[in-house]
Amino acid sequence: MELLDKVESLKGRKRGSKRDPEAKKQLLIKATLDTIADIGVTDTTVSRICERSGLSRGMIHLHFGGKDNLLTAAAQHFSAQYYCEMDRMTDLGPDASPEDRVMAVIEADLSEALLNPRSTKIWHAFRGIASSNPGIARYSSTQDHRLVETLRLAFSEIAQQNGRDANLVDDATSGTLALMEGMWVNYLTDMQGFSRRRSVKLIRRFLCGLFPGKFKL
């Protein structure tokens, strides 16, 4: 009797999710991202999304108004997941040094939680169509203001402490972001040979050159 109760409870939750508009939206977004990770954006058709999600074409139009808006919503969701995990991994508390905050961002970005086969395939797929889709471009840029300002603020504090040229702040911020993006490309092209430890060390070496004595190897 207990087993039967569990089965009925599961059925009830499943029926409830089918009636929940937000649950349907999330199901379509997940199906879209999973399909993109498997076969890329070009082959991610409405039919494939419907097949994967178990929902009809009508649901896509009802909740998103069409495939383009669904892709943008998927890009937004993917970006939100990235920054949610980034925030969690870089929460060092108010007493953390600016150097530690910078390295926390770099190590989080190159961690398995964020840099993995699924995430890199999705991110590069979105970057590939960003030039023709402003909505997707907004959520797939490495120049996102949150990431830029986090690094810029930390580098500003380091530059002030050292009495260094303020222009180094821009150089350090742009250079670090470019190196992080390059590591994602390297990972995508050679997942087996990619070394997270070596990649972090390379970026640290770059920062040592800009701020001697601040980022020790």
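For the structure, see preceding data.
Residue positions are given per chain, counting from 1 as you read along its sequence in written order. Local features in this predicted model are restricted to residues of pLDDT 70 or higher, and side-chain atom pairs are both shown and tallied only at a pLDDT of 80 or more, whereas totals for entire chains, interfaces and linings draw on every residue. Side-chain calculation: all heavy atoms of the structure are included, whereas hydrogens and water are not.

(A) Inspection of the overall build of the protein at higher detail. Going along the chain from the N terminus, every DSSP run of H or I of four or more residues is numbered as a helix, and every run of E of two or more is numbered as a strand. What the protein contains, in helices and strands, is 11 helices and zero strands. For the protein, the succession of helices and strands along the chain, N to C, is α-α-α-α-α-α-α-α-α-α-α. With a 1.4 Å probe rolled over the protein chains alone, any residue whose accessible area is under 20% of its type maximum counts as buried; one over 50% counts as exposed, and the rest are partly exposed. Taken over 217 residues, the protein has a buried fraction of 41%. Pairs of residues are marked as contacts when any of their non-hydrogen atoms sit within 4.5 Å. Within the protein, counting contacts between residues at least 6 apart in sequence, those at least 24 apart form 67% of the total. Using a 1.4 Å probe, the Shrake-Rupley method yields the accessible areas, and only the shown protein chains count as cover for residues. For the protein, the accessible surface area stands at approximately 12200 Å², while carbon and sulfur atoms represent 51% of it.

(B) Up close: the pattern of salt bridges. The salt bridge criterion pairs a side-chain nitrogen of Lys or Arg with a carboxyl oxygen of Asp or Glu, the two atoms within 4 Å. Scanning all chains against the criterion turns up nine salt bridges. Its salt-bridge partner being Arg118, residue Asp34 comes within 2.9 Å of it at the nearest N-O pair. Of the two residues, Asp34 sits in helix 2 (residues 21-39) while Arg118 sits in helix 7 (residues 117-129), which places them 84 residues apart along the sequence. Taking the shortest distance from any N to any O, the salt bridge between Arg152 and Asp170 comes out at 2.4 Å.

(C) How the structure looks around the side chain of Thr44. Looking at the secondary structure, you find Thr44 in the loop between helix 2 and helix 3 (46-53). For the purposes of these results, a polar contact is taken to be a pair of N or O atoms within 3.5 Å, where, inside protein, one atom must be able to donate a hydrogen and its partner to accept one; residues adjacent in sequence count only when each atom of the pair is a side-chain atom. Among the polar contacts made by the side chain of Thr44, one reaches the main-chain carbonyl oxygen of Gly40 at a distance of 2.5 Å. Residues contacting Thr44, with those up to four places away along its chain left out, are Thr32, Thr35, Ile36, Ile39, Ile49 and Lys67.

(D) Molecular detail of helix 3. Within the sequence span of helix 3, burial applies to Val46, Ile49, Cys50 and Ser53. In an axial view of helix 3, the angular spread of the buried residues amounts to 100°, which keeps them on one side of the axis. Tucked into the core, helix 3 has its buried residues touching helix 2, helix 4 (57-64) and helix 5 (67-89). Positive backbone phi, approximately 80°, marks Gly54, located one or two places after helix 3. What the arc covers is the set of directions going from the helix axis to the C-beta atoms.

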